[in-house]
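# Topology and contacts: notes
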Amino acid sequence: MELCFADPMWGECPLAGLCNYQTYVLFMLPKLTSLDTLLLAEETKHLAEATFLKKQMYYNMRIKTMHRNARNIIKLANEGKKTRFAL
């Protein structure tokens, strides 16, 4: 199966310009044999899968950290509000 979004004969494609476009496509479509006119080796597909999983784990961790920080800020704001009204 072949897929080509970054074909030099057709001009620029906004999708092909996205960060991690090739990694995402290779992870989601593991049966591809060619991407953007380049033949794909099995090693390339495995590397893309490993990279995607690492990035997924990293961003999930960042999301959890942001949620925790938001909860802490809300908690501190509520405590400050209670203290202010107590005065």
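Attention here is on the structure that accompanies the text. All chains use their own residue numbering, which begins from 1 and follows the written sequence. It should be noted that, the model being predicted, local features are given only for residues of pLDDT at least 70 and side-chain atom pairs only at 80 or more, the latter also being counted only at that level, while totals for whole chains, interfaces and linings use all residues. Computation of side-chain values covers all heavy atoms of the structure but excludes hydrogens and water.

Moving on, we come to the overall build of the protein chain. Strands here mean DSSP runs of E at least two residues long; helices mean DSSP runs of H or I at least four residues long; both are numbered from the N terminus. What the protein chain contains, in helices and strands, is two helices and three strands. Starting at the N terminus, the α and β elements of the protein chain follow one another as β-α-β-β-α. It is over C-alpha atoms that the radius of gyration is taken, and the globule rule equals 2.2 Å times the number of residues to the power 0.38. Computed over the C-alpha atoms, the radius of gyration of the protein chain is 22 Å, more than 25% above the 12 Å expected from 2.2 N^0.38 for a compact globule of 87 residues. Across its three principal directions, the C-alpha atoms of the protein chain cover 70 × 30 × 15 Å. Throughout, the Shrake-Rupley method with a 1.4 Å probe supplies accessible areas, and for residues the shown protein chains are the sole cover considered. Accessible area for the protein chain stands at about 7,600 Å²; split by element, carbon and sulfur atoms hold 63% of it.

Moving on to the sheet that holds strand β1 (residues 2-3). Sheet strands line up and pair through hydrogen bonds in the backbone, either parallel or antiparallel. A pair of strands is considered paired only if DSSP assigns at least 2 bridges between the two. Strand order in the open sheet formed by three strands is β1-β2-β3, with mixed pairing between adjacent strands. Strands with a single pairing partner mark the edges of an open sheet, and in this sheet they are β1 and β3 (38-39). In this sheet, strand β2 (residues 34-35) lies alongside β1 in parallel orientation, the contact comprising two bridges. Pairing of Leu-3 across the sheet is with Leu-35, part of β2.

Attention now goes to the packing of aromatic side chains. Any Phe, Tyr or Trp ring, taking Trp's six-membered ring, that has another such ring centre within 6.5 Å forms a pair; planes under 30 degrees apart are called stacked, those over 60 apart edge-to-face, and the others tilted. For the coordinates displayed, the defined rule picks out four aromatic pairs. Both rings, one in Tyr-24 and one in Phe-52, keep their centres 5.9 Å apart while their planes meet at 50 degrees; by these two values the pair is tilted. You can see Tyr-24 sitting in helix α1 (residues 21-28) and its partner Phe-52 sitting in helix α2 (residues 42-86), a full 28 residues away along the chain. Burial classes follow relative accessibility: with a 1.4 Å probe on protein chains only, a residue under 20% of its type's maximum area counts as buried, one over 50% as exposed, and anything between as partly exposed. What makes Tyr-24 partly exposed here is its relative accessible area of 44%. Relative to Tyr-59, the ring of Tyr-58 has its centre 5.0 Å away and its plane inclined at 75 degrees; by these criteria the two rings are edge-to-face.

Residue position: Ser-34 is located in strand β2. For Ser-34, a relative accessible area of 7% translates into the label buried. Throughout this description, a polar contact denotes any pair of N or O atoms lying within 3.5 Å of each other; where both atoms belong to protein, one of them has to be capable of donating a hydrogen while the other can accept it, and for residues adjacent in sequence the pair is counted only when both atoms sit in side chains. Polar side-chain contacts of Ser-34 include one of 3.3 Å to the backbone oxygen of Leu-38. Any two residues whose heavy atoms approach within 4.5 Å are treated as being in contact. Apart from residues no more than four positions distant in its own chain, Ser-34 is found in contact with Met-1, Glu-2, Leu-3, Leu-39 and Leu-40.

Any functional reading would require information that these geometric values do not contain.
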